Amino acid sequence: MIATLPRIWPSPHGKPLPPMGTAEVFRVFARDLAAGRRSWDVETARFVATLFDQLAAEWDTSRATGRDDPLRDALERGGPFPDGPCLEIGSGTGLFTPLLRAVFPCVISVDLSEQMLHQAAVRSLMRVRADAGGLPLADAQVAAVAAIDMLLFPAETARVLAPDGVVLCINQLGEDGPLHLPAAEVAAALPGDWSAVEADAGWGSWAVLRRGH
C-alpha cells in the first residue's frame, strides 16, 4: 500500500534540471538495478568510486542542489521512526547527515568514494568506505537505511535493516532526478511485503517504507 500525502513544501523557481538524455540513461540503470535486471559488479563500483573521487572537492559548491526540503519533510511527516542507528548509504560529502543525526542517535555514513568521505569529516563522526551492494554489517543491525539520491540495493538494504526498521528514499529533483525511483517500484523491489508513505516537497520527493506485518 502506498499512501501519498499532500504537498506542503512549495517548489521554488529555478529547479536545476540535469541533461534529459543523460538523466534518462541513469534512471533506466537505476530501475534495472533495483529490479534485478542488471547486475552490480566490481568494475562498475570502481568506475563510480573514481568518478565521485574526482567530483568531491567541488561537489558542495557546483553539484549539490543546496536544498533539503524533501528530507526535512520526510523526517517531519514520515514517522514515527524507530530508535537506533541510521545507515546513510551514498552519503557523499555529508550534506544531509546533520539532519539525520537530529532524529537518529547515530548515523553511519557509507560511500564508495574515499574523497567524498574525506569532505564529510566535519559533518559525520562515523564514516565507512564500503560498497552498498555488499555492506560490512551483520543482519538486522540498523533502525533506518537512508538513500538520498542513491541507487537501491534491495537485498542488502533489507538484510541490514531491523524488523521494525524503515527505508528513507529521498530524491532532491523528484521525477527529474537521474536516480529517481517511484515508491511503488522501491516497495516492489525490496524482498517481502512493504508499505510506504510518500510526498513531493520542494524540487524533489520522498518515500518512507516499512515492512508489512
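Quick notes on the rules
Sequence order as written defines residue numbering, which begins from 1 separately in each chain. At least 70 in pLDDT is required for a residue's local features to be given in this predicted model, at least 80 for side-chain atom pairs to be given and counted, and no such filter applies to totals for whole chains, interfaces and linings, which use all residues. Each side-chain value is derived from all of the structure's non-hydrogen atoms; neither hydrogens nor water enter the calculation. Between buried and exposed lies partly exposed: a residue is buried under 20% and exposed over 50% of the maximum accessible area for its type, with that area taken using a 1.4 Å probe on protein chains only. Helix numbering and strand numbering both begin at the N terminus, where a helix is a DSSP run of H or I of at least 4 residues and a strand a DSSP run of E of at least 2. Pairing between strands is defined by DSSP: at least two bridges between the two strands are required. Every axis corresponds to a line fitted to the C-alpha atoms, with the helix fit spanning only the stretch in contact, and the corresponding angles, defined between N-to-C directions, vary from 0 to 180 degrees. Whether two residues are in contact is decided by their heavy atoms: any pair within 4.5 Å suffices. Ring pairs shown here join Phe, Tyr and Trp side chains whose ring centres sit within 6.5 Å, with only the six-membered ring taken for Trp; geometry is labelled stacked below 30 degrees between planes, edge-to-face above 60, and tilted in between. Placement of a charge over a ring requires the Lys NZ or Arg CZ to be within 6 Å of the ring centre, with the centre-to-atom vector within 35 degrees of the ring normal.

> Where do I start with the pairing of strand S2 (residues 86-89) in this structure?
Judged by which residues are buried, S2 turns out to be covered on both faces: Cys86 and Glu88 on one side and Leu87 and Ile89 on the other are all buried. Where S2 and strand S3 (residues 107-111) come together, four bridges link them in parallel fashion. Each bridged residue has a counterpart across the sheet, and for Leu87 the counterpart in S3 is Ile108. With four bridges connecting them, S2 and strand S5 (residues 142-148) associate as parallel partners. Bridge pairing links Glu88 to Ala146 in S5.

> Honestly, the sheet that holds S5 in this entry has me stumped. Any pointers?
Pairing between the strands of a sheet is mediated by backbone hydrogen bonds and can be parallel or antiparallel. Reading across the sheet, the eight strands line up as S1-S7-S8-S6-S5-S2-S3-S4 and stay open at both edges, with mixed pairing between neighbours. This sheet does not close on itself; its edge strands, each paired only once, are strand S1 (2-4) and strand S4 (126-129). For this sheet, the mean angle separating the axes of adjacent strands, direction not counted, is 20°. In terms of strand pairing, strand S6 (residues 161-171) meets strand S8 (residues 204-211) through six bridges, oriented antiparallel. Of the residues in S8, the one forming a bridge with Val167 is Leu209. Contacts between helix H4 (residues 69-77) and the sheet are confined to S5, S6, strand S7 (194-201) and S8, with S8 contributing the most and set at about 35° to the helix.

> Can you walk me through unusual backbone geometry in this structure?
What you tend to see is this: most non-glycine residues have negative phi, and most peptide bonds are trans. Backbone torsion omega between Gly79 and Pro80 reads 5°, so that peptide bond is classified as cis. Within the element layout of this structure, Pro80 appears in the loop between H4 and S2. We note that Ala140 has phi near 55°; this positive angle belongs to a residue other than glycine. Checked against the element boundaries, Ala140 lands in the loop between S4 and S5.

> In this structure, what is going on with the packing of aromatic side chains? I would like to understand it.
Within a pair of aromatic rings, the relevant descriptors are the distance that separates the centres and the angle that separates the planes. Tallied over the full model, the rule gives three aromatic pairs. Residues Trp40 and Phe153 carry aromatic rings whose centres are separated by 5.2 Å and whose planes lie at 80° to one another, so their mutual orientation is edge-to-face. Residue Trp40 is found in the loop between helix H1 (20-35) and helix H2 (42-55), and its partner Phe153 is found in the loop between S5 and helix H7 (154-160); the two are separated by 113 residues along the sequence. Each member of the pair, Trp40 together with Phe153, is buried. The residue whose ring lies beneath Arg67 is Trp203, and the NZ or CZ to ring-centre distance is 5.4 Å.

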